[in-house]
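Below are the chains, spelled out letter by letter.
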Amino acid sequence: MNYRGPYRVRATQKSVPCIEHPCDAIIRVNRACICGSDLHLYHGLVPDTRVVTTFGHEFTGVVEEVGASVEKLKVGDQVLVPFNVFCGACHFCQCELYSNCHNVNPEASAVGAIYGYSHTTGGYDGGQAEYVRVPMADVGPPVILADLDLDDAVLLADSYPTGYQAAEMGDIEEGETVVVFGAGPVGIFAAKSAWLLGAGRVIVVEHVDYRLEFVKNFAQCETVNFKEVDDMALHIKKMTDWMGADVCIDAVGCEAAGNFAPSLTGIKLTLQGGAATVLHWCINSVRKGGKVSIVGVYGPTFNAIPIGNAVYKGLTLRMNLASECQAPPAPADRAHPGRPHQAQRGHHAPHAVRGSGRRVPPVLQQARQLHQDGARAAACNGFNLKEATDMDTLNSPPANTLEKTPEKTPEVPARFAHIRGWGADLDHAMRPAYPMERMPARRLAAHAVAAGFQVEMVTVHRVVVRAQHAVEKPAGASMRIAQHQRFGSRG
Ligand SMILES: NC(=O)c1ccc[n+]([C@@H]2O[C@H](COP(=O)([O-])OP(=O)(O)OC[C@H]3O[C@@H](n4cnc5c(N)ncnc54)[C@H](O)[C@@H]3O)[C@@H](O)[C@H]2O)c1
Ligand SMILES: [Zn+2]
Ligand SMILES: [Zn+2]
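All values reported here derive from a predicted model rather than from experimental measurement.

The rules behind each value
- Residues numbered from 1 in each chain as written.
- Chains lettered and ligands numbered in written order.
- Predicted model: local features only at pLDDT ≥ 70, side-chain atom pairs only at ≥ 80, totals over all residues.
- Heavy atoms only, no water.
- Helix = DSSP H or I, 4+ residues; strand = E, 2+ residues; numbered from the N terminus.
- Buried < 20%, exposed > 50% of the residue type's maximum accessible area, 1.4 Å probe, protein only.
- Contact = heavy atoms within 4.5 Å.
- Areas by Shrake-Rupley, 256 points an atom, 1.4 Å probe, with all protein chains shown as cover.
- Pairing = 2+ DSSP bridges.
- Axes fitted to C-alpha atoms, helices over the stretch in contact; angles between N-to-C directions.
- Near = heavy atom within 4 Å.
- Polar contact = N/O pair within 3.5 Å; in protein donor to acceptor, adjacent residues only side chain to side chain.
- Nonpolar A, V, L, I, M, F, W, Y, C, P; charged D, E, K, R; others polar.
- Domains from an automatic or database assignment.
- Core = buried A, V, L, I, M, F, W, Y, C linked by side-chain atoms within 4.5 Å.
- Parallel < 35°, antiparallel > 145°, perpendicular 65-115°, else oblique.
- Left-handed = near helix turned anticlockwise from the far one by under 90°.
- Donors = N, O, S within 2.8 Å, 3.2 Å for Na, K, Ca; no water.
- 1 Å grid on protein atoms, 1.4 Å probe; cavity = no way out; pocket = protein on both sides within 12 Å on 5 of 7 lines; lining within 4 Å.
- Points joined across faces, edges and corners; volume = space filled by probe spheres on them.

1. Considering the overall build of the protein chain
Part 1 of the argument: Helix and strand counts for the protein chain come out as 15 helices and 16 strands.
Part 2 of the argument: Buried positions account for 55% of the 491 residues belonging to the protein chain.
Part 3 of the argument: Taking contacts inside the protein chain between residues at least 6 apart in sequence as the whole, the part at least 24 apart equals 67%.
Part 4 of the argument: About 21,100 Å² of surface is accessible on the protein chain, with carbon and sulfur atoms providing 55% of the total.

2. Some details on the sheet that holds strand β8 (residues 131-134)
Part 1 of the argument: Read from one edge to the other, the open sheet built from 4 strands follows the order β5-β4-β3-β8, with strand pairing classed as antiparallel. Every interior strand has two partners, whereas the edge strands, β5 (78-81) and β8, have only one. The average undirected angle you get between the axes of adjacent strands in this sheet is 45°.
Part 2 of the argument: Two strands pair when backbone bridges link them, and strand β3 (residues 25-32) and strand β4 (residues 59-66) are joined in this way by 7 bridges, in the antiparallel orientation. In the strand pairing of β4, Ala25 is matched with Val66.

3. Some words on the site of ligand 1
Part 1 of the argument: Near ligand 1 there are 32 residues, and of these Ser37, Glu206, Arg211, Val252 and Ala322 occur at the shortest range.
Part 2 of the argument: Glu206 is positioned such that a nitrogen or oxygen atom in its side chain is 2.5 Å from an oxygen atom of ligand 1.
Part 3 of the argument: Within the backbone of Asn320, an N or O atom sits 3.2 Å from a nitrogen atom of ligand 1.
Part 4 of the argument: Out of a free accessible area of 850 Å², ligand 1 has 94% covered by protein chains.
Part 5 of the argument: The set of elements that each furnish at least two residues to the shell around ligand 1 consists of α1 (36-42), α5 (185-196), β10 (201-206) and α9 (277-285).
Part 6 of the argument: Considering each element in turn, the shell around ligand 1 owes the most residues, 4 residues, to α1.
Part 7 of the argument: Split by residue class, the shell around ligand 1 holds 18 nonpolar, 11 polar and 3 charged.
Part 8 of the argument: There are two domains that each give the shell around ligand 1 at least three residues, and those are domain 1 (2-156 + 325-428) and domain 2 (165-319).

4. Details of the nonpolar core
Part 1 of the argument: Counting 40 residues, the largest nonpolar core has Ile172, Val178, Val180, Val202, Val204, Val215 and Ile249 as the members making the most contacts within it.
Part 2 of the argument: Every element with two or more residues in this core is listed here: α3 (150-153), α4 (159-169), β9 (177-181), α5, β10, α6 (209-218) and β12 (245-250).
Part 3 of the argument: When residues of this core are assigned to their parent elements, the largest contribution, 8 residues, is made by α5.
Part 4 of the argument: Lining this core are residues from two domains, each supplying at least three of them: domain 1 (2-156 + 325-428) and domain 2 (165-319).

5. Notes on the packing of α4 against α5
Part 1 of the argument: With their axes 7 Å apart at the nearest point, α4 and α5 run at an angle of 50° to one another. Put simply, α4 runs oblique to α5. The way α4 lies across α5 gives a crossing that is right-handed. Contacts between α4 and α5 involve Ser159, Tyr160, Thr162, Gly163, Tyr164, Ala166 and Ala167 on the former and, on the latter, Pro185, Val186, Phe189, Ala190, Ser193, Ala194 and Leu196.
Part 2 of the argument: The residue makeup of the contact of α4 with α5, split by class, is 10 nonpolar, 4 polar and no charged.

6. Structural notes on the coordination of the zinc ion (ligand 2)
Metal coordination angles have textbook ideals: 109.5 degrees for a tetrahedral set of four donors and 90 or 180 degrees for an octahedral set of six.
Part 1 of the argument: Binding of the zinc ion (ligand 2) to the protein goes through Cys35 (SG), His57 (NE2), Glu58 (OE) and Asp158 (OD), at separations of 1.8 to 2.3 Å.
Part 2 of the argument: Motif for the zinc ion (ligand 2), donor spacing along one chain: C-x21-H-E-x99-D. With a gap of 123 residues between them, Cys35 in the loop between β3 and α1 and Asp158 in the loop between α3 and α4 connect regions that are remote in the sequence. Comparing Cys35 with Asp158, the two get one shared label, buried.

7. Observations concerning the sheet that holds β10
Part 1 of the argument: Strand order in the open sheet formed by 6 strands is β11-β10-β9-β12-β13-β14, with parallel pairing between adjacent strands. In this open sheet, the two edge strands, each paired with only one partner strand, are β11 (222-225) and β14 (316-319). Ignoring strand direction, the axes of neighbouring strands in this sheet form an average angle of 20°.
Part 2 of the argument: Summarising the sheet, strand β13 (residues 286-294) and β14 pair through 4 bridges and their orientation is parallel. By the bridge assignment for β14, Ile294 is matched with Met319.
Part 3 of the argument: Sheet contacts for α5: β9, β10 and β12; angle to β10, the most-contacted strand, approximately 170°.
Part 4 of the argument: Docked against the sheet, α9 engages β9, β12 and β13, running at close to 145° with respect to β13.

8. Focus: empty space enclosed by the protein
Part 1 of the argument: Within this structure, the stated rule accounts for 2 cavities of 30 Å³ or more.
Part 2 of the argument: For the largest cavity, the calculated volume is near 50 Å³.
Part 3 of the argument: In this structure, the largest cavity is lined by Val81, Pro82, Asn84, Val85, Phe86, Tyr115, Val134, Pro135, Met136, Gly140 and Pro141.

Here is the structure:
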């Protein structure tokens, strides 16, 4: 399946790849998925995607041939191939940053290498083919355990570990509220994994109805259809007692819908590395000191994002391509259920007992369930379907977290109209009984004018006024203004 230019792929005959290096293996593919990331390629949004490159970075197969130096794999082994190509030996691989491997991509100042994902990520042919060359075969693909279904195993090549890592990078503490943007396979697994890692409440934001319905049942979460919401940050704040979410996860990336301006500049005109709508929503919806985890893919250029808000709010931003699916088996005392080796063997449970007192079943059981349900997730994209079973027993959230979400957010004040849809961080304007010293400067200025002062200057933090004796001031107004001047204001 190879690339012919934006919105064009074609199935063609190519020669069977051969061993080019003693560490190579040739894999005969028996399962291959189409990822949300493939859509970015298909839509022509990934730089240096060359015509005739074969797509596909999520696949399983049978080892057909091995190079002279390959020791761990033998002909006939069933393997799942993690989506990154990596060496296992460089500084970054040693730091478990397999997706940032330094040895596999001549352009590797940032990204490492990915099968079937453009020459920006190394130019390796991918697995939507009958055969693939797999370099460094000893460090990448684990052998699939005999009792693991291939339909389940292929989900370990990318979507499940990526969703899991998204939740893991959110550094979720027991009981925290996690908002996942996107209910594709990655978002679905992120939501499920959030429960696994101790979340007390999980909310998924999406606009495709059947995906909302699916994730609500599969991940036992609350859902928000963003088409019905005027301002995302405001909506999430309303749902969280005006605090904001503890953790926001971007599982959407560069092709986010929901706001015209970034879609125009990021997707249609490619003036930035995709539409950063969800980055805005994450940064603005998370609480002060909160955590934003980004696995959604963006172009390598730049994006206009509210980095100032992130600074002022003291956020922790974590992001990467997933390395969890490449990782070798971790030492016995470390819990990495997102990694194929452990997900397959089920040695560890990340939280033996959750806050609610329910026991978390062994990881193999969790992984099975995730994978089985994941097959249904895959069905969202029209893939090979597999019926999930027994999916409502695990990790049901406490009943009180399933309250109905408010139907409608309050009207956004006109002065914020220009940022409507960006999910502007409006809590300073909208929070009821907001502390006086934090009143935004522009609102303060309006008070000052109403109170008979002449406003000389309004900056982000300060309002400079001059008294106008001709106008009668309401009692107390000058005191309030003085107070604001002393404390400054936020926003
Ligand atoms: N970091 C990694 O290693 C890694 C691995 C796999 C996929 N990804 C990326 O993760 C993202 C999701 O992958 P996927 O396979 O689930 O893709 P997908 O296309 O199946 O799912 C994305 C979902 O986001 C929804 N969406 C669009 N705009 C939205 C918005 N503003 N708010 C909320 N939801 C919105 C879409 O309707 C869609 O259902 C993609 O960007 C993909 O490239 C990253
Ligand atoms: Zn993928
Ligand atoms: Zn490396």
